[in-house]
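Residues per chain are reported as follows:
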Amino acid sequence: AQSVAQPEDQVNVAEGNPLTVKCTYSVSGNPYLFWYVQYPNRGLQFLLKYITGDNLVKGSYGFEAEFNKSQTSFHLKKPSALVSDSALYFCAVRGLGGGFKTIFGAGTRLFVKA
Amino acid sequence: DTAVSQTPKYLVTQMGNDKSIKCEQNLGHDTMYWYKQDSKKFLKIMFSYNNKELIINETVPNRFSPKSPDKAHLNLHINSLELGDSAVYFCASSQEGLADVQYFGPGTRLLVL
């Protein structure tokens, strides 16, 4: 069965500092991995995805994520956090075994302090 | 020119009532979804349609019935509403490949009193 774990409910970081939001996954076969962001009272917005190729994926708003097959992880990173990055971040996975079903993690709330 | 739209945005109703939520996408996508987000922000898929055919039907009470009149629309009808149905319901759409991104609507906040 497919699953996604986001081990931190909340991540706190000071503006200008690097941030990491963690995600690990379990899937049959090759994973299709996604990060989405949700701002208050809004729907989810796509940030970036990993399908194949380079393990470092670059996405919107300066975010990037590193795919690590051996650790089955797909951590979201940004070199310098902004207050406006404060939001709820979801990691998601799809695999051939799950068909069209996307499994979302429980979400990690990122709080960037000025 | 909103990509995925939902109506209504807010829905407050009494237990036992029947209500519908409508969703429309103008992205030309083949696949549409309904998700439920609970008070702890946990997001769970309920249904998915591909070209008007049901392809995902999670363990959802049969009080919930999706209907797709055409590829661009996926509506959700809920019978005999219960307190536990209170949540935010999101519609989403995508192309049909595993690598394709989902585009989410703004959500419908349902409160059952």
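Nothing here was measured: the structure is a model prediction, and the numbers come from that model.

*Asks:* Sorry if this is basic, but what is going on with the overall build of chain B here?
*Replies:* Each helix and strand in chain B was counted, giving zero helices and eleven strands. From first element to last, N terminus to C terminus, chain B shows the α and β order β-β-β-β-β-β-β-β-β-β-β. Over its C-alpha atoms chain B spans a radius of gyration of 13 Å, differing by no more than 12% from the 13 Å that the globule rule assigns to 113 residues. When its C-alpha atoms are laid out on the principal axes, chain B stretches across 40 × 30 × 25 Å. Sequence-distant contacts, at least 24 apart, represent 55% of the contacts inside chain B between residues at least 6 apart. Accessible surface for chain B amounts to roughly 5500 Å². Of this, 50% is attributable to carbon and sulfur atoms. Separation of charge centres in chain B, based on 12 positive and 12 negative side chains, amounts to 8 Å.

*Asks:* So what exactly am I meant to see when it comes to the packing of aromatic side chains here?
*Replies:* Pairs of aromatic rings are described using the distance from one ring centre to the other and the angle between the two planes. Enumeration over the complete set of coordinates arrives at 15 aromatic pairs over all chains. Ring centres of Phe 104 of chain A and Phe 104 of chain B lie 6.1 Å apart, and the angle between their planes is 80 degrees; on these two criteria the pair is classed as edge-to-face. Remark: Phe 104 of chain B occurs in strand S10 (residues 103-104) and Phe 104 of chain A occurs in strand S11 (residues 103-104); the pair is interchain, linking two chains. Of the two residues, Phe 104 of chain A and Phe 104 of chain B, neither departs from the other in class, the shared state being buried. Among the aromatic residues, those joined into a ring-pair cluster are Phe 34, Tyr 36, Phe 46, Phe 90 and Phe 104 of chain A together with Tyr 33, Tyr 35, Phe 90 and Phe 104 of chain B.

*Asks:* I would appreciate a short explanation of the sheet that holds strand S7 (residues 64-70) of chain B in the present structure.
*Replies:* Pairing between the strands of a sheet is mediated by backbone hydrogen bonds and can be parallel or antiparallel. All names here are of chain B. Taken together, four strands build an open sheet; the order of strands is S1-S3-S8-S7 and the sheet is antiparallel. Unpaired on one side and paired on the other, strand S1 (4-7) and S7 mark the two borders of the sheet. Here the average twist between neighbouring strands, direction ignored, is 20 degrees. Bridge count between strand S3 (residues 19-25) and strand S8 (residues 73-78): four bridges; the pairing is antiparallel. If you follow Ile 21 over to S8, its bridge partner there is Leu 76.

*Asks:* Whenever I open this one, the state of the cysteines confuses me. Can you help?
*Replies:* What makes a disulfide is a covalent bond joining the sulfur atoms belonging to two cysteines. All names here are of chain B. Applying the stated criterion to the full structure yields two disulfides over all chains. Disulfide pairing is shown between Cys 23 and Cys 91; the S-S distance is 1.8 Å. Disulfide Cys 23-Cys 91: the torsion about the S-S bond is -75 degrees, which places it as left-handed. Of this pair, Cys 23 sits in strand S3 while Cys 91 sits in strand S9 (residues 87-94), and the two are 68 residues apart along the sequence. Like Cys 91, Cys 23 is buried.

*Asks:* Where do I start with the interface of chain B and chain A in this structure?
*Replies:* Note: interface size is frequently given as the accessible area lost on complex formation between the parts. Between chain B and chain A, the contact holds 23 residues from the first and 23 residues from the second. In this assembly, chain B packs against chain A so that about 2000 Å² is buried in total across both faces, 60% of it on carbon and sulfur atoms. If you look at where chain B meets chain A, you find one salt bridge. With a shortest N-O distance of 3.0 Å, Glu 58 of chain B and Lys 101 of chain A are connected by a salt bridge. There are seven residue pairs in polar contact (both at pLDDT 80 or more) connecting chain B and chain A.

*Asks:* Could you clarify how one ought to interpret the pairing of strand S2 (residues 10-14) of chain A in this entry?
*Replies:* Residues in a regular strand point their side chains to alternate faces of the sheet. Residue and element names in this part refer to chain A. Covered by surrounding structure in S2 are Val 11 and Val 13 only, the residues Gln 10, Asn 12 and Ala 14 on the alternate face being uncovered. As paired strands, S2 and strand S12 (residues 108-113) are joined by five bridges and run parallel to one another. Within S12, the position partnered with Val 11 by the bridge is Leu 110.

Procedures and definitions
Residues numbered from 1 in each chain as written. Chains lettered and ligands numbered in written order. Predicted model: local features only at pLDDT ≥ 70, side-chain atom pairs only at ≥ 80, totals over all residues. Heavy atoms only, no water. Helix = DSSP H or I, 4+ residues; strand = E, 2+ residues; numbered from the N terminus. Rg over C-alpha atoms; globule rule 2.2 N^0.38 Å. Contact = heavy atoms within 4.5 Å. Areas by Shrake-Rupley, 256 points an atom, 1.4 Å probe, with all protein chains shown as cover. Lys, Arg positive; Asp, Glu negative; His and termini not counted. Charge placed at Lys NZ, Arg CZ, Asp CG, Glu CD. Phe/Tyr/Trp six-rings, centres within 6.5 Å; stacked < 30°, edge-to-face > 60°. Buried < 20%, exposed > 50% of the residue type's maximum accessible area, 1.4 Å probe, protein only. Pairing = 2+ DSSP bridges. Axes fitted to C-alpha atoms, helices over the stretch in contact; angles between N-to-C directions. Disulfide = S-S within 2.5 Å. Buried area = accessible area lost by both parts, 1.4 Å probe. Salt bridge = Lys/Arg side-chain N within 4 Å of Asp/Glu carboxyl O. Polar contact = N/O pair within 3.5 Å; in protein donor to acceptor, adjacent residues only side chain to side chain.

Nothing here speaks to function; it is geometry throughout.
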